[in-house]
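Residue-level structure breakdown
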Amino acid sequence: MNKVYKIAAIPGDGIGIEVLPEGLKVLQAAADKHQIALEITQFDWASCDYYLEHGTMLPDNWFEVLKNFDAIYFGAVGWPDKVPDHISLWGSLLQFRRRFDQYVNLRPVRLLPGVPCPLAGREPGDIDFYVVRENTEGEYTSVGGRMFEGTEREFVLQESVFTRHGSDRILKYAFEMANNRDKKKITVATKSNGVAVSMPYWDERAEAMAAQYPEVAMDKQHIDILCARFVLQPNRFDVVVASNLFGDILSDLGPACTGTIGLAASANLNPERNFPSLFEPVHGSAPDIFGKNIANPIAMIWSGAMMLEFLGEQDERAQTAAADIMQAIEKLLLSGPKTPDMGGSASTQEVGSTIAQYLQSS
Ligand code: ATP
Ligand code: MG
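Residues numbered from 1 in each chain as written. Chains lettered and ligands numbered in written order. Predicted model: local features only at pLDDT ≥ 70, side-chain atom pairs only at ≥ 80, totals over all residues.

- Taking an unreviewed UniProt entry as the reference, the chain is identified by name as D-malate dehydrogenase (decarboxylating) belonging to Vitreoscilla massiliensis.
- Here is the UniProt Catalytic activity (unreviewed entry) comment for the chain, exactly as written: "(R)-malate + NAD(+) = pyruvate + CO2 + NADH".
- Entered under Sequence similarities (unreviewed entry) in the UniProt record, the comment concerning the chain runs "Belongs to the isocitrate and isopropylmalate dehydrogenases family." (UniProt positions renumbered as here; feature names shortened; annotations may be inferred.)

This is the structure we're talking about:
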């Protein structure tokens, strides 16, 4: 019996509503081709319109409903003119990440053929690595406070939280990943020469993990020089692992080195599969281009390929389907119709349909 993959599709706001159907179109074409059973259920929650109608971003029972799915395929959330970001984002996406313990944020940094690279002289193949970002603790906490506000003595304290559990599980994920790749190289982002308590601890946990993976070569780099090397020597990376803040920065810098944000895909993973993982484009809802039918759907489509890859870890058909989607994306980038962000004049649907057609005819 084939497994049925249960997917919750949430378009959200803005261009999320435009690109998600293209992602689903391509996923369905890949699934049909490889006889993979997808069961897709669409939800209108986690959108600003839902909030304006109901006063919350999500219904009370969202956790009970969504936890039964294998994955969440997410468009984008946020429409600051209607609902402030701290309400829309905190009330939806950040709830998913937290309650479903999606502690790995994974972003591929890959230069695809046919995409003009902002870094001079780089060819596809030169840039092909992953940024693994810790997604639940670290520098992003609400622990801290202000005192003597409005006076000369005013001061602000902001704490970071690094637990052994939180550090070890993200490092383990990244080392496992590096160990399964050809280059077997891991770069650990740090700043232990400046951040005197948490970063030496992070380094220590990295050393301890490295001892368990003798075949993986580890390189610790301070975040400042690491950023410079992303730009100057992107070919030296394979898997880069970082704390929440440093990972946030690197996972925007990486895709910026490989072309438009309209291509950047991401996954928020709960690797133990106790809860659904979430797959989404890196970009937001882009109110400035919503309704013009020019949003690039490739980031959404690539995120769908990542979803198949993750869901079907033990399922050869799903792996082949994911690889086929990537091939179809590459074919389009080389010679197919492109949206205006890539210098073309095609519509969102035209790009999605062409990729789906490539899949059907290959
Ligand atoms: P968020 O804060 O939700 O991450 P943002 O407001 O920082 O989002 P985006 O919504 O990602 O930013 O948009 C940033 C810019 O990139 C906008 O000018 C937008 O038009 C452009 N952009 C984003 N996504 C796409 C896409 N898929 N295709 C084309 N242009 C895009
Ligand atoms: Mg925004």
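1. Thoughts on the confidence of the model for the chain
- Mean pLDDT over the chain works out to 96, with 100% of the residues at or above the 70 mark.
- In the model output, the complex is listed with pTM 0.95 alongside ipTM 0.94. (pLDDT = per-residue confidence, 0-100.)

2. What to know about the pairing of strand 3 (residues 71–76)
- Summarising burial for strand 3: six of the six residues are buried, a large majority.
- In the sheet, strand 1 (residues 4–12) pairs with strand 3 via five bridges, with the strands oriented parallel. By the bridge assignment for strand 3, alanine 9 is matched with tyrosine 73.
- Strand direction decides the pairing type here: strand 3 and strand 12 (residues 277–281), joined by three bridges, are parallel. Looking across to strand 12, one finds that isoleucine 72 is bridged to leucine 278. (Buried ≥ 20, exposed ≤ 12 C-beta atoms within 10 Å, placed from the backbone. Helix = DSSP H or I, 4+ residues; strand = E, 2+ residues; numbered from the N terminus. Pairing = 2+ DSSP bridges.)

3. Details of the site of ligand 1
- Around ligand 1, a shell composed of 14 residues is seen, among which Gly262, His283, Gly284, Ala286 and Asn296 lie nearest.
- The residue makeup of the shell around ligand 1, split by class, is six nonpolar, six polar and two charged. (Near = placed C-beta within 6 Å. Nonpolar A, V, L, I, M, F, W, Y, C, P; charged D, E, K, R; others polar.)

4. A few points about the sheet that holds strand 2 (residues 37–42)
- Within the open sheet, the 10 strands sit side by side as 2-1-3-12-11-4-5-10-8-9. Their pairing is mixed. In this open sheet, the two strands that pair with only one neighbour each are strand 2 and strand 9 (217–222). Going from strand to strand, the sheet's axes swing by 25° on average, the running direction of each strand aside.
- Together, strand 1, strand 2, strand 3 and strand 12 form the strand contacts of helix 1 (residues 15–33), whose direction differs from that of strand 3 by roughly 140°.
- On the sheet, helix 8 (residues 223–232) packs against strand 8 (185–190) and strand 9 and is oriented at approximately 105° with respect to strand 9. (Axes fitted to C-alpha atoms, helices over the stretch in contact; angles between N-to-C directions. Contact = placed C-beta atoms within 7 Å.)

5. Concerning the UniProt feature "domain: Isopropylmalate dehydrogenase-like" (unreviewed entry) in the chain
- As annotated in UniProt, the feature "domain: Isopropylmalate dehydrogenase-like" (unreviewed entry) corresponds to residues 6–355 in the numbering used here.
- Regarding residues 6–355, the helix share stands at 40% and the strand share at 19%, and the terminal C-alpha atoms are separated by 23 Å.

6. Some words on unusual backbone geometry
- Backbone geometry places phenylalanine 148, a non-glycine residue, at a positive phi of 55°.
- Tracing the sequence through the fold places phenylalanine 148 in the loop between strand 6 (144–147) and strand 7 (155–158).
- Classification of phenylalanine 148 by C-beta neighbours within 10 Å gives exposed; the count is 9.
- Unlike most non-glycine residues, lysine 184 shows phi in positive territory, near 50°.
- Along the chain, lysine 184 falls in the loop between helix 6 (164–179) and strand 8.

7. Structural notes on the nonpolar core
- The biggest cluster of nonpolar side chains holds 100 residues, and the ones touching the most others in it are Ile72, Val132, Val240, Val241, Ile325 and Ile355.
- The dominant element in this core, judged by the number of residues it contributes, is helix 10 (residues 298–311), at 10 residues.
- In contact with valine 132, other than residues within four places in its own chain, are Val104, Leu106, Ile170, Tyr173, Ala174, Met177, Val239, Val240 and Val241. (Core = buried A, V, L, I, M, F, W, Y, C linked by C-beta atoms within 7 Å.)

8. Section: the environment of valine 104
- In this fold, valine 104 is placed in strand 4 (residues 104–110).
- C-alpha of valine 104 to C-alpha of asparagine 270: the two residues are 166 residues apart in sequence and 6.7 Å apart in space.
- Setting aside chain neighbours within four positions, we find valine 104 in contact with Val132, Asn135, Ile170, Tyr173, Leu269 and Pro271.

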